[in-house]
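What follows is each chain in one-letter form.
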Amino acid sequence: MTFLAGPRACIGYRFALMEIKVLVFTIFRDIAFELPSPAPKIENGPALITRPIIKETDGTSKNTMPLVLKLAQHE
Ligand code: HEM
């Protein structure tokens, strides 16, 4: 997303970023993230920086993040 730069740059830049953060928070607040069952084996994988990788039973590894998304229960 670009807001351009220079004297005619978007003056709503900071406000728009804050709005996006509020939107993302509002959506994610209602979602619970859980590991699937049975939980996969997660290890540290070297990939420029250390990343979590899924280790399969046959020794191969996958760059995926299996998650179960549920509606969060708020009190
Ligand atoms: C995702 C949201 C937004 C994007 C991507 C965006 C992008 C841009 C871009 C690219 C320009 C330059 C246009 C040009 O000169 O041709 C611009 C200008 C402008 N934007 Fe935004 N904008 C966003 C949100 C907002 C918001 C929330 C406001 C006000 C609260 C705002 C107010 C303005 C104003 C007043 C200008 C004219 C600035 C000037 O010409 O001096 N924008 N915007």
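Presented here is an overview of the structure given in this document. Predicted, not measured: the structure shown is a model, and the values here were computed from it. (Residues numbered from 1 in each chain as written. Predicted model: local features only at pLDDT ≥ 70, side-chain atom pairs only at ≥ 80, totals over all residues. Heavy atoms only, no water.)

## So, the overall build of the protein
Our working rule: Going along the chain from the N terminus, every DSSP run of H or I of four or more residues is numbered as a helix, and every run of E of two or more is numbered as a strand. C-alpha atoms define the radius of gyration in this analysis, and the globule rule sets the expected value at 2.2 Å times the number of residues to the power 0.38. Relative accessibility decides the category of a residue: with a 1.4 Å probe and only protein chains considered, values under 20% of the type maximum give buried, values over 50% give exposed, and everything between is partly exposed. In this description, accessible areas are obtained by the Shrake-Rupley approach with a 1.4 Å probe, and a residue is regarded as covered only by the protein chains that are shown. When charges are tallied, Lys and Arg are placed among the positive residues and Asp and Glu among the negative ones, while His and the ends of the chain are skipped. Charged side chains are reduced to one point each, which is NZ for Lys, CZ for Arg, CG for Asp and CD for Glu.
Secondary structure assignment for the protein yields 1 helix and 5 strands. Its C-alpha atoms give the protein a radius of gyration of 19 Å, clearly above 11 Å, the size a compact globule of 75 residues would have. With the C-alpha coordinates aligned to their principal axes, the bounding extent of the protein is approximately 60 × 40 × 15 Å. Looking at the protein as a whole, 8% of its 75 residues are labelled buried. In the structure as shown, the protein presents an accessible area of about 6,900 Å², 63% of it carried by carbon and sulfur atoms. Averaging the locations of the 9 positively and 7 negatively charged side chains of the protein gives two centres separated by 10 Å.

## What to know about the site of the ligand
Spelled out, the test is: Here a residue is considered near a molecule or strand provided that any single heavy atom belonging to it is located within 4 Å of it. Between N or O atoms, a polar contact is any pair within 3.5 Å; within protein, one atom must be a potential hydrogen donor and the other a potential acceptor, and residues adjacent in sequence are included only when both atoms are from side chains. Asp, Glu, Lys and Arg are counted as charged, while Ala, Val, Leu, Ile, Met, Phe, Trp, Tyr, Cys and Pro are counted as nonpolar; the rest, among them Gly, fall into the polar class.
Taken together, Met 1, Thr 2, Phe 3, Leu 4, Arg 8, Ala 9, Cys 10, Ile 11, Gly 12, Phe 15 and Ala 16 form the complete shell of residues around the ligand. For the ligand, an oxygen atom lies 2.7 Å from a polar atom in the side chain of Arg 8. Here the shell around the ligand is built from residues that sort into 8 nonpolar, 2 polar and 1 charged.

## Things to note about the coordination of the iron atom of the ligand
Rule in force here: The donor set covers N, O and S atoms within 2.8 Å of the metal, switching to 3.2 Å for Na, K and Ca, and it leaves out water, so a site may look short of donors.
No protein donor other than Cys 10 (SG) coordinates the iron atom of the ligand, and that contact is at 2.3 Å. Along the polypeptide, Cys 10 turns up in the segment before helix 1 (13-29).

## Concerning the packing of aromatic side chains
Spelled out, the test is: Whether two aromatic rings pair depends on their centres lying within 6.5 Å, for rings of Phe, Tyr and Trp, where Trp uses its six-membered ring; planes under 30 degrees apart make the pair stacked, over 60 edge-to-face, and the rest tilted.
In this structure the tally under the stated criterion is 2 aromatic pairs. Judged by centre distance (4.7 Å) and plane angle (45°), the ring pair of Phe 3 and Tyr 13 falls under tilted. A residue pair is termed long-range when its members are at least 10 positions apart, and Phe 3 in the segment before helix 1 and Tyr 13 in helix 1 qualify at 10 residues.

## Some details on the pattern of salt bridges
Our working rule: The rule for a salt bridge is simple: a side-chain nitrogen of Lys or Arg has to be within 4 Å of a carboxyl oxygen of Asp or Glu.
The final tally for this structure, using the stated rule, is 3 salt bridges. A salt bridge links Glu 34 to Lys 70; the nearest nitrogen and oxygen atoms lie 3.1 Å apart. Taken together, the residues Glu 34 in strand 1 (residues 31-34) and Lys 70 in strand 5 (residues 68-71) connect sequence positions 36 residues apart. Here Lys 41 ties to Glu 43 by a salt bridge, and the two come within 2.8 Å at their closest N and O atoms.

## So, the sheet that holds strand 4 (residues 61-62)
What counts here: The pairing criterion for strands is at least two bridges between them, as found by DSSP.
Spatially, 3 strands are ordered 2-3-4 in an open sheet, and the strand pairing comes out antiparallel. The two strands at the open ends of the sheet, each matched to only one other strand, are strand 2 (41-47) and strand 4. For strand 3 (residues 49-55) and strand 4, the ladder comprises 2 bridges, and the chain directions are antiparallel. When the bridges of strand 4 are listed, Ile 54 appears paired with Lys 62.

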